[in-house]
Amino acid sequence: MPGSPRSFPRGRFDRVSAFNDIRDYVAIPRVLSLRLSPDGSKLVSAVQSLNPDGKSFGTALWAIPVDGEPYRLTRSAKGESPAVFTAGGDVLFTSARPDPTVKDSTDEVPALWLLPRAGGEARQVATRPGGVGAVRTAGDVVVFAADVLDGEEAAEADKRKARKDAGISAILHEGYPVRYWDHDLGPGRPRLFAARLGADRLEDVRDLTPDAGEALEDAAFELTPDGATVVSTWRTALEKGESRTDLVTIDVATGERRVLLTQDRHDFGGPLAVSPDGTKIACSRERFTGLEVSARSELWIADLATGEGRAYGPDLFPAGVEWAPDSSAVYLVADYQGRRPIFRVPLDGEHSRLTQDDAAYAGLSASADGRFVYALRSGVHLAHGPARIDVATGEITDLPSPAPRPEVPGTLTEISATADDGVTIRGWLVLPEGASADAPAPFLLWIHGGPVASWNDWQWRWQAWIMAQHGYAVLMPDPCLSTGYGQEMIDRGWGNWGPRTQADLDAIVDVALARDDIDAGRIGAMGGSYGGYMANWLAGHSDRYKAIVTHASLWNLDQFAGTTDASMYWQREFGEPGSERYDLLSPHRSLDKITTPMLVIHGDKDYRVPIGEGLRLWWDLRRTEVESKFLYFPDENHWILKPGNAVAWYETVLAFLAQHVLGQEWKRPDSVA
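Every value quoted in this text rests on a predicted model; they were computed, and no experiment measured them.

## Topic: the overall build of the protein
Reasoning step 1: If you tally the helices and strands in the protein, you get twelve helices and 39 strands.
Reasoning step 2: Against the 2.2 N^0.38 benchmark of 26 Å for 673 residues, the protein shows a C-alpha radius of gyration of 25 Å, consistent with a compact globule.
Reasoning step 3: Its C-alpha atoms give the protein principal-axis dimensions of about 70 × 60 × 55 Å.
Reasoning step 4: Counting all 673 residues of the protein, 56% fall into the buried class.
Reasoning step 5: Considering only contacts in the protein between residues 6 or more positions apart, those separated by 24 or more positions represent 55%.
Reasoning step 6: Roughly 27,300 Å² of accessible area belongs to the protein as shown, and the carbon and sulfur atoms make up 48% of that amount.
Reasoning step 7: Each charge class in the protein can be summarised by its mean position, and for the 69 positive and 95 negative side chains these summaries are 3 Å apart.

## Description of the confidence of the model for the protein
Reasoning step 1: Averaged over all residues, the pLDDT of the protein is 95; the fraction at 70 or higher stands at 97%.
Reasoning step 2: Across residues 1–13 the pLDDT falls below 50, and counting only partners more than four positions away or on other chains, this stretch makes 38 contacts in the model.

## Regarding the packing of aromatic side chains
Reasoning step 1: According to the stated counting rule, one finds 25 aromatic pairs in the structure shown.
Reasoning step 2: Pairing Trp446 with Trp455 gives two aromatic rings, centres 6.4 Å apart and planes at 75 degrees, and the pair type is edge-to-face.
Reasoning step 3: Ring geometry for Trp497 against Trp570: centres 5.9 Å apart, planes inclined by 80 degrees, an arrangement best described as edge-to-face. Here Trp570 lies in helix H9 (residues 567–574) and Trp497 lies in helix H6 (residues 497–513), a separation of 73 residues in the sequence.
Reasoning step 4: Here Trp497 falls in the buried class, since its relative accessible area comes to 1%.
Reasoning step 5: On the basis of relative accessible area, Trp570 is assigned to the buried category, the value being 15%.

## Structural notes on helix H11 (residues 611–623)
Reasoning step 1: In this model H11 runs 18 Å from its N-terminal to its C-terminal C-alpha over 13 residues, within 8% of the 18 Å that 1.5 Å per residue would give.
Reasoning step 2: Of all the positions in H11, only Ile611, Glu613, Gly614, Leu617, Asp620 and Leu621 are classed as buried.
Reasoning step 3: Tucked into the core, H11 has its buried residues touching helix H7 (530–541), strand S37 (547–551), helix H8 (557–563), strand S38 (598–603) and strand S39 (628–633).
Reasoning step 4: Phi turns positive one or two residues past the end of H11, at Glu625, with a value near 60 degrees.

Analysis parameters
Residues numbered from 1 in each chain as written. Predicted model: local features only at pLDDT ≥ 70, side-chain atom pairs only at ≥ 80, totals over all residues. Heavy atoms only, no water. Helix = DSSP H or I, 4+ residues; strand = E, 2+ residues; numbered from the N terminus. Rg over C-alpha atoms; globule rule 2.2 N^0.38 Å. Buried < 20%, exposed > 50% of the residue type's maximum accessible area, 1.4 Å probe, protein only. Contact = heavy atoms within 4.5 Å. Areas by Shrake-Rupley, 256 points an atom, 1.4 Å probe, with all protein chains shown as cover. Lys, Arg positive; Asp, Glu negative; His and termini not counted. Charge placed at Lys NZ, Arg CZ, Asp CG, Glu CD. pLDDT = per-residue confidence, 0-100. Phe/Tyr/Trp six-rings, centres within 6.5 Å; stacked < 30°, edge-to-face > 60°. Expected span 1.5 Å × (residues − 1).

Structure follows, in structure tokens:
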């Protein structure tokens, strides 16, 4: 159970040190990205680890030779973004690190840096008053995103300084949305800039999208191999607060923009990938949802000259794409039956599954000779690390990682159940060491968020192995609305969140509790986001759980739908505010039936599920005298990201479950004392 506060360790990470004390767990380095160099000799990863103060995380770039041991490339206190390679093999990245060539440099926003292939120190090659964002390069052309204030470019730095000196934080909005996940939108807006790689800095820097307005908010973009054309998402405002995302091409030489892909009631977006021959674009196409129209995303491949295209790989929700070097096929990662395999999708045939293991893949890079695909490989039981997949045989080889994987404290098994409508519901069951008929483990149901998502990957935030280390069996099911089971699984729960999902959960929980190595008398439930919604729903519709933990959860749907950062999405499925579906599916309508002790957790900077949901739930539980506690994070968003706060989160959850599931005396964790 929780101990006294102390500093975070920096040693080896075996199963005891990694999961027994939460401070050891948050100190584990994490591989975040992967990209193959043009010559195929090495991969570069961004690796996150604790900063020296132990209070925050930082990132550094690491090289992973395809036939050698990893070594660190960068060491700045400000950290670095994932790498992008130039054609010559130099590494481009963004960082807010000080420029050593400038006296008294106090950079506060990210600039663009170049790390020479031949070695030596990184040098700053471009800055913008609002910072430099995503970057793409081809030949000697570089295109990057930057936040820009309206007005004359030469006066932007002075304008930003004047706002800061005057203490002005106000933003005047004339459109929707006004914020996204955990940050406010504006007063600057993203634009795309083009430049050439010079000897020391970027040269001929030009604004490609001076009229973008809000069209490039959260944009994805790519550059054609010849450096002549940018392919980018472009958001178009519609009536009544709605918007549609199209795909446009932008001529790098002239800035001329052409709409490439647009369709009524559809969005085209990332992941994006331009074919190596420069003739095609692979992207996702998502249909607008409605009261009777469920979420659907599909791989769309179109001709860059004509815009003509079609869908490929039915029922595969694209999570990442990479072209084969001969432009004849796309490698696609998509959820599938509790995994996230790599699929090969040819332009002239049926798709096939390349990886046959239980892993989840991301960050694809294909070798120029077509023999291999490199990727981050992970799973519910496996932290992320680099891997090489042989295209001809499907053979998987794990490569040395800059962040060694911790050993998990228990076993992972797969279980399934038949729901009341005959549909098979499957899930992962994490079992602690020593669980047996003679020593059955207490049980914890962990419901995933989304809801259009799946339990198939290693989770740094929702870590079941911490619970296993403390003796719990953890069920991670994929009920209705989960991805990787065909469109029918999503359709089953559309507009019927609570009742249909509960029936699925009840069915697979019954199967788990029938095992002799699980104690059916000591069970709890928890979830975050949509999982938190379902935790709240179960609290008002079931008395089987001894305790319920609800994180960043939806409570009053009518209230939530008008205050979340993207109200139009919720209105499509639930209808106009105040309509019948809100009443039928809102957990707060069953407040009078809640008797299960509840731990409410919420961050004040959460714009996806605003803090009003947590505050209202907490007050409703207080006024009806339900036994409950409220773990509040003034400086966190939808996720709890700071190391110390992560410790407080897990220690409080464990203490609450120990009291109500295990029957132990309540002990307030020192981390929140």
